[in-house]
Amino acid sequence: MKIKSIKNKNYKGKKVFLRVDYNVPIEKGVITDDTRIKAAIPTINYLLSQGASLIIASHLGRPKGKPSPEFSLKPVAERLSEILKKEVKFAPDCIGYEVKKMVNSLKEGEILLLENLRFHPEEEEGDENFAKELASLCDSYVNDAFGTCHREHASVYQITKFTKDVAAGFLIEKEVEALSKLLVNPEKPFLLILGGAKVIDKINMVKNLLDKVDTIITGGVMAYTFIKAKNWEVGNSKVEEEAIPVAKEIIKEVNKRHLEFHTPLDHVIVQKISEDAVPIITERGTVPPGWIGVDIGPQAIEEYTDCINRAKTIFWNGPMGIYEIKKFAKGTIEIAKAIANSKAFSVIGGGDSAAAVNEAGVADKISHICTGGGASLEFLERGTLPGIEVLKEE
Ligand code: ADP
Ligand code: MG
């Protein structure tokens, strides 16, 4: 897939509308994680170096289509200004007379951050008139909000109908390149590591990858759902009941294709999920009645590490256990370390998996860590996204 790059365009003296994903966690007006703000910095710096003036727009949280101070992007403007060591002007809205005036007085090299796009319901509705108003602010459009590309929202999708010049920022370019490598001729063997909790959300991605992968290993609620689908005992472990029929279907498909498929050989189990629970290790791959599986056991870690060492391509989504509790984090951390030590091309998708990789201190040894959980899963499911299609080279 070839998408339009900002690299071979002329931005001198142009007003560029840059759609980013500044959906950062904010507690009492303080940004607690600025990863997403930093992620789009290379694109911002490049556009500025080319002589553009920037109109930056994003959504933040779920303000339900009306202005609400707790979802204001004001703190983001301040943080962005600190990071860039440069003034960042802030507009009180994203459309309207006041905004137009601020945009008109914007000079080359200057930055204006617009207020939250989702203060208008038209953004999420993909309203064309709203998109037209946004487009009227700029000469060129650049999208670097990968995490929103699976939505046909006005500032991501419809806006491209009303701007002649569109391109993808560096972040989107990187994401598309890494994810495409998983879909198009991945180096074999290809290992898929499935964990975490949102089984239903991930099942279509798994289905689409069945034709590409050689080995699947499972942990977390994902594993218990598959174990239960095999009619094995899971005790009181968390299972996604509504996903059991599809899990059964997937097991059938896996057998038909002669793929290697593993549920954990052993488990860390407790009778109650809490910091002071006393965990024990099961002797086999099932969980006895009354007990809850909270992590994969040592034999499973060994077997999974072996699968990782054999792989040339790895995609990991979802932690192996309740990694938020230190006692139950070992399986997840060991898997993260094993991936980091392998020479395979490795991609991590999912917010919690990415957090676990950071906790294990091995993020720099992973080939690519996706920034948009939902978007990356949908890309792997469909091979493209609406917001990416509109950025494609004709
Ligand atoms: P990601 O964000 O990487 O896509 P998910 O959001 O699907 O991953 O899943 C992460 C969540 O799954 C974590 O909050 C973790 O505590 C939970 N989880 C993992 N294993 C278990 C388990 N055995 N029982 C209950 N919850 C689990
Ligand atoms: Mg998650």
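For every chain, the first residue of the written sequence is number 1, and numbering continues from 1 onward in sequence order. Just so you know, chain letters begin at A and ligand numbers begin at 1, following the order they were written in. Given that the model is predicted, a residue must reach a pLDDT of at least 70 before its local features are reported, and side-chain atom pairs must reach 80 or more before they are shown or counted; all residues, however, enter totals for whole chains, interfaces and linings. Derived side-chain values reflect all non-hydrogen atoms in the structure, with water molecules and hydrogen atoms excluded from consideration.

Comments concerning the pattern of salt bridges
Selection criterion: Any carboxyl oxygen of Asp or Glu that lies within 4 Å of a side-chain nitrogen of Lys or Arg is treated as forming a salt bridge with it. By the criteria applied, helices consist of DSSP H or I runs no shorter than four residues and strands consist of E runs no shorter than two, each listed in order from the N terminus. For the exposure calls, accessible area comes from a 1.4 Å probe over protein chains only, and a residue counts as buried if that area is under 20% of its type's maximum, exposed if over 50%, partly exposed in between.
Applying the stated criterion to the full structure yields 22 salt bridges. Note that Arg36 is salt-bridged to Asp21, the shortest N-O span being 3.6 Å. With Arg36 in helix H1 (residues 35-39) and Asp21 in the loop between strand E1 (15-19) and strand E2 (26-27), the pair connects residues that are 15 residues apart, well separated along the chain. Residue Arg36 is classed as partly exposed on the basis of its relative accessible area of 29%. One salt bridge in this structure joins Asp34 and Arg79, with 2.7 Å as the shortest N-O distance. Taken together, the residues Asp34 in the loop between strand E3 (30-31) and H1 and Arg79 in helix H3 (residues 74-84) connect sequence positions 45 residues apart. Within this structure, Asp34, Lys38, Arg79 and Glu82 form a network of salt bridges that share partners.

What about empty space enclosed by the protein?
The line we're drawing: Whether a set of points on the 1 Å grid over the protein atoms alone is a cavity depends on a 1.4 Å probe fitting there but being unable to get out, while an open set qualifies as a pocket with protein on both sides within 12 Å along at least five of seven lines; lining residues are those with an atom within 4 Å of a point. Grid points are joined across faces, edges and corners, and a volume is the space filled by probe spheres set on the points. Ten residues, namely Ala, Val, Leu, Ile, Met, Phe, Trp, Tyr, Cys and Pro, are considered nonpolar, four, namely Asp, Glu, Lys and Arg, are considered charged, and the remaining ones, Gly among them, are considered polar.
Scanning all chains against the criterion turns up two cavities of 30 Å³ or more. By volume, the largest cavity is sized at about 60 Å³. If you go around the largest cavity, the residues you meet are Asp21, Arg36, Ala39, Asp144, Phe146, Gly147, Leu171 and Thr371. Taken together, the residues of the lining of the largest cavity break down into three nonpolar, two polar and three charged. As for the second largest cavity, its lining consists of Pro189, Phe190, Leu191, Thr215, Cys307, Arg310 and Ala311. For the lining of the second largest cavity, the secondary structure elements donating two or more residues are strand E9 (190-194) and helix H11 (298-310). Broken down by class, the residue content of the lining of the second largest cavity amounts to five nonpolar, one polar and one charged.

Remarks on helix H12 (residues 330-341)
Which entries qualify depends on this criterion: Each residue after the first adds 1.5 Å to the expected span of a helix. Note on definitions: a residue-residue contact is assigned when non-hydrogen atoms from the two residues lie within 4.5 Å.
Under the 1.5 Å per step criterion, the end-to-end length of H12 is 16 Å for 12 residues, consistent within 8% with the ideal 16 Å. All buried positions along H12 are accounted for by Gly331, Thr332, Ile333, Ile335, Ala336, Ala338, Ile339 and Ala340. Residues of H12 that are buried sit in contact with E9, strand E14 (292-296), H11, strand E15 (313-317), strand E16 (345-349) and helix H13 (351-359).

A closer look at the nonpolar core
Counted only if it meets this: Side-chain atoms within 4.5 Å are what join buried Ala, Val, Leu, Ile, Met, Phe, Trp, Tyr and Cys residues into a set we call a nonpolar core. Where each domain begins and ends is defined by an automated method or by a domain database.
Ranked by internal contacts, the top residues of the largest apolar core, which has 74 residues, are Phe17, Leu114, Ile172 and Phe315. Summarising the domain contributions, this core has at least three residues from each of domain 1 (6-171) and domain 2 (178-381). Residues in contact with Phe315, not counting those within four places in the same chain, are Leu182, Phe190, Leu191, Leu192, Ile193, Met205, Leu209, Val347, Ile348, Gly349, Leu377 and Leu380. Listed in part, the 30 residues of the second largest apolar core include Ile6, Ile37, Ile41 and Leu48.

Overview of the sheet that holds strand E8 (residues 165-168)
This is how the line gets drawn: Any two strands are treated as partners once DSSP identifies two or more bridges connecting them.
Pairing is parallel in the open sheet, where six strands are placed in the order E5-E6-E4-E1-E7-E8. Each of the sheet's edge strands pairs with one partner strand only, and the pair in question is strand E5 (89-90) and E8. In this structure, strand E4 (residues 53-57) lies alongside strand E6 (residues 111-113), joined through three bridges in parallel fashion. Within E6, the position partnered with Ile56 by the bridge is Leu113.

Brief notes about the sheet that holds strand E10 (residues 215-218)
Under the convention used in this document: Throughout, an axis means a line fitted to C-alpha atoms (over the contacting stretch in the case of helices), and angles, computed between N-to-C directions, take values from 0 to 180 degrees.
Taken together, the six strands give an open sheet; going across it, the order is E11-E10-E9-E15-E16-E17, and neighbouring strands pair in parallel fashion. What marks the edges here is a single partner per strand, and that holds for strand E11 (260-262) and strand E17 (368-369). Across five bridges, E15 lies against E16 in parallel orientation. Following the sheet pairing, Trp316 is matched in E16 by Ile348. Its contacts with the sheet put helix H7 (residues 170-183) on E9, E15, E16 and E17, and the angle it makes with E16 is roughly 115 degrees. Where helix H8 (residues 199-209) meets the sheet, its contacts fall on E9 and E15, and the angle it forms with E9 comes to roughly 165 degrees.

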